[in-house]
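# Remarks on the overall topology
Spelled out, the chains give:
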Amino acid sequence: MTAQEAPVGTPSTEPEQLAEPVLEIRGLCVDYGYGVDAVSAVVDCDLVLRRGEVMGLAGESGSGKSTLAMAALRLLHSPGVITAGEVLFHSKPFGEQGPRGTIDMLGANESVLRAVRWSEISVILQSALNALNPVMTIGAQFDDLLRVHRPQFSNRDRWNRSAELLDMVGMTDDRLRSYPHELSGGMRQRAMIAMALALEPQVILLDEPTTALDVVTQREILEELMGLREQLGFAALFITHDLSLLVELADEIAVMYAGRLMERAPAASLFHAPRLPYTYGLLNCFPPMHGARRPMEGIPGSPPDLRMLPTGCAFHPRCRWSMDRCRQERPALRRLGDSDREVACWLYAGDAVIPDELTHPEPPKAGDRPAARGPVRASRARR
Amino acid sequence: MSAAVDDAAPVLEGRNLTKLFSVKSGHGFLSRRARLYAVQDVTVSIGAARVTAVVGESGSGKTTVARMLAKIITPDGGEVLLDGKAMPRGRPREYARQVQMIFQDPFASLNPVHRVRHNLVRPLKIHHVTDDIDAGVAGLLRRVSLEPPEDFADKFPHELSGGQRQRVAIARALAVRPRVLLADEPVSMLDVSIRLGVLNLLADLRDSEGLAILYVTHDIGSARYLADTIVVMYAGQLVEAAPSVSLTDDPAHPYTQLLLSAAPDPERPQPPSLVRSGAPPSLIAPPSGCRFHPRCPHAMEICRQVAPPSVEVSSGHTAACWLHVDSGKRQPEDARMAESIVTTDPSVFESARERAQRISPTGIRKQEERG
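All values derive from a computational prediction rather than experimental measurement. Each chain has its residues counted from 1, following the order in which its sequence is written. Just so you know, chain letters begin at A and ligand numbers begin at 1, following the order they were written in. Selection of residues for local features in this predicted model requires a pLDDT of at least 70, selection of side-chain atom pairs for listing and counting requires 80 or more, and totals for whole chains, interfaces and linings are taken over all residues.

### What to know about the overall build of chain A
By definition, any uninterrupted DSSP run of H or I lasting at least four residues is a helix, any uninterrupted run of E lasting at least two residues is a strand, and each is numbered from the N terminus. Secondary structure summary: chain A contains 12 helices and 12 strands in total. Summarising its shape, the C-alpha atoms of chain A cover approximately 70 × 50 × 45 Å along the three principal directions. Among the 383 residues that make up chain A, the fraction classed as buried is 45%. Each residue is represented by a C-beta atom placed from its backbone, and any two residues with such atoms within 7 Å are regarded as in contact. Considering only contacts in chain A between residues 6 or more positions apart, those separated by 24 or more positions represent 64%. Any residue surrounded by 20 or more other C-beta atoms within 10 Å of its C-beta is treated as buried, while 12 or fewer makes it exposed and the intermediate range makes it partly exposed; C-beta atoms here are placed from the backbone.

The structure is reproduced here in structure tokens:
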């Protein structure tokens, strides 16, 4: 194994009680195309996924969230080019097999990547019909996977393990003889989840896994997935545009806009006390399920064209509270006071007046938080 | 089945609509044509200056209902009434002038080789709406907030963002000055941040021009936001119809309750547990009795045998469920069974209103006003 046996160093700035990082992305930049035609899809992104946690990555289409994740796992297709940054995977396999120690994902060669991909980091994509092979039965695809990664298994072992995996996601083993087109959308996605968990990975990347499914199926599958996470202890990077869903699932949420990380905060804080105008706007895009109905405005305008980004803060043309400074300089992601959240916004630098909507108090920490009552919503009602 | 109740006479009404599709089932020489009841006995009405939402999962028949109302497909049973009058068979131009449809995918519904102007001019010319075509196009673009109009009229659809494209599709539907707009999932293909803009546009058209709008969606949250009345469909049948706030705050049908508990709602303290709540049935061989009974936590013997009637739960709120039928009218042993289920585990049947009260101060206030 070419993986370096480096000690896993937790960054000194992080509070101690946090779990150790399993995937660290530092200053990652991704371009599509070369030279003058290059479009920067991801710029200078830092993200730390901790062991056993769910990190949500939210943003509109074209904000670079999938590109960021795909680049971190070296799954990017041409013309995507990683131009800068580093991705460290701190591997501690659950089984005896697999690489140990810190692996530099961007510098790793094919054989290292082969040892990491799927066995330590697996991916679940939006469309399971495209991800599964249409001319092979589900069982044959499981068999294929186990034959390569678990050469010590006999035929019967492989079949039993496949049946066990399907059982884990609530499917019966007679489905192993089915072709993907014979399964419903939810079943296909379940089979895909079982396949992603087959080798007990440490990290799962979920790229809009339930967007194509109905709400009831979506809820069931996510519940199952979160149950399995508690059971198996993998960390998940959950990419979606549905911020309201993330709030219920994720431990921490990062919000992307036009290729940059704009806000990173614990899920409850982000929902109850958004600090970034864009996050506030995004939360305002989901009509509430309770209380009086009232007009909501969403976010005016449309997401920017990455080829012609506005100057300064990319969000300023759509921002209600934009100032002169926003048009000229781009804000950097910086820690907010002594809290465990980061925001890229000029409102929190210098002596800018922070609007009332963005000053809600932090919710109590998870665990002792009472009935979640949205202070954000309450204030909107007052206005 | 009873319709959603509107004060005014409905502009467009679908009465007892039924649609059968013939599908192939089985393989090889064993294959045969099977009948699939996509929509069965559904009654929907759309009033002037009202938005009626049809909510359901995929395969529930909601789009088929919209298409029957648009007369794109012919119902196998029931009738479509415009102003209370049945229209001749086919799709007469006069009908198309009054009832227009907006489709889900604005990338596919606009002709990509023609400019926005061409897409808007065609209905103006075909229906002889106005002589001043240029002013007509500009006026339409202004009505959907694409300003200044001259910037947009000469663009191709691919030069516009998804939200702008959907606005052009709405403008095209408005060109013939329709009275009814049938919007089939108009925002589900759009980015979250621009969905509300399109929904607000539909709300403005309802309020300022008195359009009757049918809003077909799978997103019950947006239906609550936009619609005056919501009807819920399951497996081709109408299961519940009520004013939108009443339906979402106090759902009467177990399926509506399931749908609501599955919808993302960050404000509730604990997401509900829905593990293994089943899937919609096959429409070729639907379950006997109530089609929801295999998934229903309150299923009784009668649910397995007899399809439930639509009963009025409260004013303007109807649900097709045996739980709301007087126990005397059910079989005695079934009634006893229902009693035991409801009383032993009331938490299962907690209404969303109670849930709302528990977590939202506004819910309590509303309850006090009512009391």
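Continuing now.
### Regarding the domain arrangement of chain A
Boundaries between domains were set according to an automatic or database domain assignment. Split into domains, chain A comes out as domain 1 (20-120 + 202-257), domain 2 (129-198) and domain 3 (280-286 + 310-362 + 372-382). With centres defined by C-alpha atoms, the gap from domain 2 of chain A to domain 3 of chain A works out at 46 Å.

### Side note on the interface of chain A and chain B
With 43 residues of chain A in contact, the opposing surface of chain B contributes 42 residues. If you list the elements that add at least two residues to the side of chain A that touches chain B, you get helix H7 (215-232), helix H8 (243-249), helix H10 (277-283) and helix H12 (375-382) of chain A. The element that contributes the greatest number of residues to the side of chain A that touches chain B is H7 of chain A, accounting for six residues. Put simply, Ala, Val, Leu, Ile, Met, Phe, Trp, Tyr, Cys and Pro go in the nonpolar bin, Asp, Glu, Lys and Arg in the charged bin, and everything else, Gly too, in the polar bin. Classifying every residue of the side of chain A that touches chain B gives 19 nonpolar, 12 polar and 12 charged.

### Thoughts on the sheet that holds strand S3 (residues 51-55) of chain B
Residues and elements named next belong to chain B. Ordered in space as S6-S7-S8-S3-S9-S10-S12-S11, the eight strands form an open sheet in which the pairing is mixed. The open sheet has two edge strands, strand S6 (99-102) and strand S11 (310-314), and neither has a second partner. Averaged over all adjacent pairs, the angle separating strand axes in this sheet is 20°, with direction ignored. Should DSSP find at least two bridges between two strands, the strands are taken to pair. Relative to strand S10 (residues 237-243), strand S9 (residues 229-234) is paired through six bridges, and the arrangement is antiparallel. Note on S10: the bridge partner recorded for Val231 is Ala241. Helix H7 (residues 162-174) contacts S6 and strand S7 (180-184) of the sheet and is inclined by roughly 170° relative to S6. Helix axes are fitted to C-alpha atoms over the stretch in contact, other axes to C-alpha atoms as well, and angles between N-to-C directions run from 0 to 180 degrees. Sheet strands in contact with helix H11 (residues 254-262) are S9 and S10, and its direction is about 100° off that of S9.

### A short note on the packing of helix H4 (residues 138-149) of chain A against helix H5 (residues 155-168) of chain A
All names here are of chain A. Put simply, H4 and H5 touch, their axes get as near as 9 Å, and they point 115° apart. Both H4 and H5 take part in a crossing whose hand is right-handed. Counted together, Gly139, Phe142, Asp143, Leu146 and Arg147 of H4 and Arg158, Arg161, Ser162 and Leu165 of H5 form the full contact between these two elements. Its residues assigned to classes, the contact of H4 with H5 comprises three nonpolar, two polar and four charged. Whether a crossing is left-handed or right-handed is set by the direction in which the near helix is turned from the far one by less than a right angle, anticlockwise for left-handed and clockwise for right-handed.

### A short note on helix H4 (residues 116-126) of chain B
Turn by turn, an α-helix covers 3.6 residues, leaving residues three or four places apart pointing in a common direction. All names here are of chain B. By the burial criterion, the buried members of H4 are Val116, Asn119, Leu120, Val121 and Pro123. The elements touched by buried residues of H4 are helix H5 (133-143), helix H6 (149-153) and H7. Directly after H4, the chain includes His128, whose backbone phi takes a positive value near 50°.

### Things to note about the confidence of the model for chain A
By definition, pLDDT measures how confident the predictor is in each residue, and it falls between 0 and 100. Per-residue confidence for chain A gives a mean pLDDT of 86; residues scoring 70 or more make up 91%. Scored below 50 in pLDDT, residues 1-16 of chain A shows 21 contacts in the model against residues more than four places distant or in partner chains.

### Things to note about the pairing of S10 of chain B
Residues and elements named next belong to chain B. Here S10 lies mainly inside the structure; six of its seven residues are buried. Between the end of S9 and the start of S10, which pair antiparallel, lie two residues, with Ala235 showing a positive phi angle near 50°. As defined by bridge partners, S10 adjoins strand S12 (residues 317-320) across two bridges and the pair is classed as antiparallel. Within S12, the residue paired with Ala241 across the bridge is Thr318.

### Regarding the environment of Met300 of chain B
Residues and elements named next belong to chain B. In this fold, Met300 is placed in the loop between H11 and helix H12 (301-305). Assessed through the 24 C-beta atoms surrounding it within 10 Å, Met300 is described here as buried. Between the C-alpha atoms of Met300 and Leu323, which are 23 residues apart in sequence, the distance is 8.9 Å.

### So, H7 of chain B
Multiplying 1.5 Å by the helix residue count minus one yields the expected span of that helix. In this model, H7 of chain B (13 residues) spans 18 Å end to end at C-alpha, consistent with the 18 Å of a helix rising 1.5 Å per residue. Among the 13 residues in H7 of chain B, 13 count as buried, and that is most of the element.

### Considerations on the sheet that holds strand S3 (residues 54-58) of chain A
All names here are of chain A. With mixed pairing, eight strands are arranged side by side in an open sheet as S6-S7-S8-S3-S9-S10-S12-S11. In this open sheet, the two edge strands, each paired with only one partner strand, are strand S6 (121-124) and strand S11 (334-335). Across the sheet, helix H1 (residues 65-72) lies against S3, strand S7 (203-207), strand S8 (235-240) and strand S9 (252-257), angled at about 150° from S8, the strand it touches most. Contacting S6 and S7, helix H6 (residues 185-197) runs over the sheet at an angle of about 175° to S6.

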